[in-house]
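For reference, the chains in residue letters:
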Amino acid sequence: MKVTGLSAIDHAPQIVAEWLNDLEYRLDNKDRSHAYLLLRTTLHAIRDFLTTAEAADLGVQLPVLLRGIYYDGFVPSRQPAHPRNRDAFVGRVAEAFADRPLDDPEAEVAAVFDLLHERISEGEYRQVTQAMRHSLRSLIA
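**Student:** Tell me about helix H4 (residues 52-61), and please be specific about residues and values.
**Tutor:** Taken together, the buried positions of H4 are occupied by Ala55, Leu58 and Gly59. Taken around the axis of H4, the buried residues stretch over an arc of 105°, which confines them to a single face. Opposite the buried face of H4, at more than 90 degrees from it, the exposed residues are Ala53 and Val60. Buried residues in H4 make contact with helix H3 (32-49), helix H5 (64-71), helix H7 (105-119) and helix H8 (122-131).

**Student:** Explain the nonpolar core residue by residue, including any values.
**Tutor:** Residues Leu23, Leu39, Ile46, Leu50 and Phe89 are the most contacted members of the largest nonpolar core, which totals 41 residues. When residues of this core are traced back to their parent elements, those giving at least two are helix H2 (12-27), H3, H4, H5, helix H6 (86-95), H7, H8 and helix H9 (134-140). If one sorts the elements of this core by residue count, H3 sits on top with eight residues. Ignoring any residue separated from it by four or fewer positions in sequence, one finds Ile46 in contact with Leu58, Phe89, Phe113, Leu116, Val128 and Met132.

What counts and how
- Residues numbered from 1 in each chain as written.
- Predicted model: local features only at pLDDT ≥ 70, side-chain atom pairs only at ≥ 80, totals over all residues.
- Heavy atoms only, no water.
- Buried < 20%, exposed > 50% of the residue type's maximum accessible area, 1.4 Å probe, protein only.
- Helix = DSSP H or I, 4+ residues; strand = E, 2+ residues; numbered from the N terminus.
- Arc of directions from axis to C-beta.
- Contact = heavy atoms within 4.5 Å.
- Core = buried A, V, L, I, M, F, W, Y, C linked by side-chain atoms within 4.5 Å.

Shown next, in the form of structure tokens:
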């Protein structure tokens, strides 16, 4: 459907739907709101665990609407978050699911990283994973 006549904007909802469909498939869970919350929360955790420059480099790789989701609530002066270990990362994501706790938070976070690995350039994905602490790399590699 043409709304603006600009394909990057008109096609943006479809691209987000494709990412969510892919994540639902990886999770074997057809709950769209769960997939969206997981994607958004994990992207925010990734962003917050990177330096401001690294976070910006990743943001450039994301489709336009996902880029907006990624930057929502971004406070560059708080980069990077501390502590930045595996437990802190997974805990941050799991916290968003307090009403419906995740069955396997590490597996769900890993599914988002797998999706990201497939959808952004190999070089950028490598930079993101190398910027993470060693304890977290075993979850995402």
